[in-house]
Amino acid sequence: MLIVGNWKMNGLIETAQELADGIVAGLGARSGRSLPCEVVLCPPATALLTVHQRLDGSVVKLGGQDLSEHESGAHTGEICGIMLRNVGCRHVIVGHSERRADCGEDDAKVARKMAAAFRDGLQPIVCVGETLNERERGATLEVIGAQLAALVPYVPRELTRRQTLVVAYEPVWAIGTGRNAELEQIREVHGFMRRQLEEAFGADAARMRLLYGGSVKPANAGSIFGLEDVDGGLIGGASLKSAEFLAIIDAVPEKF
Ligand code: PGA
């Protein structure tokens, strides 16, 4: 299981330090039993270095929220994968729906960014998901299918434990709305994604990780994580309070 905290555009240096310290301390206090999951924090770019320093010596890993598809050069305002590695990142979120909507990232661009993450030695966490309009007109699986299909040619054939395909299913209508998808809806989409990955990658698909994101809270995390084909969560709002984020980690079933 993999639990990722996406802090989005929240946190100045001091609050980022406090939040990271709270999470590290909370996990340390639970060290009597081994953690049932990997934990990754994705602070805003300006806080990456300081959070990296706070995470030093802990099991918690660091991730970026986005990366450039380019390796370096004249791309004002962009951050490339090597720079993320340089400040301690091992993971990076790619194609979040807020970037798809705010920055016009389409499936092809998201796929190129994912390829850049693989190239630069990062573990991409690629977001997919349908809008409310797409769900209401019955196009959910078609949209998710197209988003996944765009990724397939860019996934390296030689996957490792540190670099595999991680996909986060985040229904756009469930992000930050307090309205999370019903278990049956999550089960349907995750099963569909696993089958599509099996068709493309055969046995490797079993080792790819499918996260769910969208209004995950301590109260609903256990039942979502208990679903077949759900290998973790991408947590937005609830990752901004250490107690809530820790309670979500506590909801990871022991079987993992
Ligand atoms: P949310 O955000 O948990 O606040 O709904 C999830 C995400 O956007 O990754």
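Residues numbered from 1 in each chain as written. Predicted model: local features only at pLDDT ≥ 70, side-chain atom pairs only at ≥ 80, totals over all residues. Heavy atoms only, no water.

You'll find the protein entered in an unreviewed UniProt entry as Triosephosphate isomerase, with Candidatus Magnetaquiglobus chichijimensis given as the organism. Taken verbatim from the UniProt record of the protein, the Catalytic activity (unreviewed entry) comment is "D-glyceraldehyde 3-phosphate = dihydroxyacetone phosphate". (UniProt positions renumbered as here; feature names shortened; annotations may be inferred.)

A. Quick peek at the overall build of the protein. When you go through the protein residue by residue, the secondary structure sums to 10 helices and eight strands. Since a compact globule built from 256 residues should have a radius of gyration of about 18 Å, the 17 Å found for the protein is in line with a globular shape. Its C-alpha atoms put the protein at 45 × 45 × 35 Å along the principal axes. Scored against the burial criterion, the 256 residues of the protein give a buried share of 52%. Sequence separation of 24 or more characterises 73% of the internal contacts of the protein that already satisfy a separation of 6 or more. Just so you have it, the protein exposes about 11,500 Å², and 51% of that area is on carbon and sulfur atoms. Positive and negative charge centroids in the protein, built from 27 and 33 side chains respectively, lie 3 Å apart. (Helix = DSSP H or I, 4+ residues; strand = E, 2+ residues; numbered from the N terminus. Rg over C-alpha atoms; globule rule 2.2 N^0.38 Å. Buried < 20%, exposed > 50% of the residue type's maximum accessible area, 1.4 Å probe, protein only. Contact = heavy atoms within 4.5 Å. Areas by Shrake-Rupley, 256 points an atom, 1.4 Å probe, with all protein chains shown as cover. Lys, Arg positive; Asp, Glu negative; His and termini not counted. Charge placed at Lys NZ, Arg CZ, Asp CG, Glu CD.)

B. Layout of the site of the ligand. As a structural note, the neighbourhood of the ligand is formed by Asn6, Lys8, His96, Glu170, Ala174, Ile175, Gly176, Gly214, Ser215, Leu234, Gly236 and Gly237. Serine 215 is positioned such that a nitrogen or oxygen atom in its backbone is 2.7 Å from an oxygen atom of the ligand. Between glycine 237 and the ligand, the recorded distance is 2.8 Å, taken from a backbone N or O atom to an oxygen atom. For the ligand, the protein covers 97% of the area, taking 290 Å² as the surface of the free molecule. (Near = heavy atom within 4 Å. Polar contact = N/O pair within 3.5 Å; in protein donor to acceptor, adjacent residues only side chain to side chain.)

C. Representation of the pattern of salt bridges in the model. For the structure shown, the criterion picks out 17 salt bridges. One salt bridge in this structure joins glutamate 105 and arginine 99, with 2.8 Å as the shortest N-O distance. Owing to a relative accessible area of 4%, glutamate 105 belongs among the buried residues under this scheme. Of the charged contacts, one joins aspartate 107 and arginine 100 as a salt bridge, the two residues approaching to 2.7 Å between their closest N and O atoms. For aspartate 107, a relative accessible area of 25% corresponds to the partly exposed category. In this structure, a network of salt bridges that share partners links the residues Asp66, Arg99, Glu105 and Lys113. (Salt bridge = Lys/Arg side-chain N within 4 Å of Asp/Glu carboxyl O.)

D. Fine view of the UniProt feature "active site" (unreviewed entry) in the protein. According to UniProt, the positions carrying the feature "active site" (unreviewed entry) are His96 and Glu170. Look at the named residues: they lie 75 residues apart in sequence, but the longest C-alpha span between them is just 8.5 Å, so in the fold they bunch up. Checking the annotated residues one by one, the ones that line the second largest pocket turn out to be His96. Summarising the element assignment, histidine 96 is placed in the loop between strand E4 (89-94) and helix H4 (97-102). In this fold, glutamate 170 is placed in the loop between strand E6 (166-169) and helix H8 (183-201). Here glutamate 170 is in contact with His96, Cys127, Val128, Gly129, Glu130, Ile175, Gly213, Gly214 and Leu234, once residues within four sequence places are set aside. Of note is the side chain of glutamate 170, whose polar atom sits 3.2 Å from the side chain of histidine 96. (1 Å grid on protein atoms, 1.4 Å probe; cavity = no way out; pocket = protein on both sides within 12 Å on 5 of 7 lines; lining within 4 Å.)

E. Representation of the packing of helix H7 (residues 140-151) against H8 in the model. Where H7 meets H8, the closest approach of the two axes is 11 Å, and the angle between their N-to-C directions is 35°. Of the two elements, H7 crosses H8, and the hand of that crossing is right-handed. Of the residues in H8, those touching H7 at Thr140, Leu141, Ile144, Gly145, Leu148 and Ala149 are Glu188, Val189, Phe192, Met193 and Gln196. For the contact of H7 with H8, the class distribution of residues is seven nonpolar, three polar and one charged. (Axes fitted to C-alpha atoms, helices over the stretch in contact; angles between N-to-C directions. Left-handed = near helix turned anticlockwise from the far one by under 90°. Nonpolar A, V, L, I, M, F, W, Y, C, P; charged D, E, K, R; others polar.)

F. Up close: helix H10 (residues 242-250). The complete set of buried residues in H10 reads Phe245, Leu246, Ile248 and Ile249. Summarising the axial view, the buried residues of H10 lie within an arc of 155°, below the 170-degree limit, and thus occupy one face. Packed against the buried residues of H10 are strand E1 (2-6), helix H1 (13-29), strand E2 (38-42), helix H9 (218-225) and strand E8 (232-235). (Arc of directions from axis to C-beta.)

G. Expanded view of the side chain of histidine 91. Its location among the elements puts histidine 91 in strand E4. Judged by its relative accessible area of 7%, histidine 91 falls in the buried class. Not counting residues within four places of it along the chain, the set of residues in contact with histidine 91 comprises Val40, Lys61, Leu62, Gly63, Gly64, Leu122, Gln123 and Ile125.

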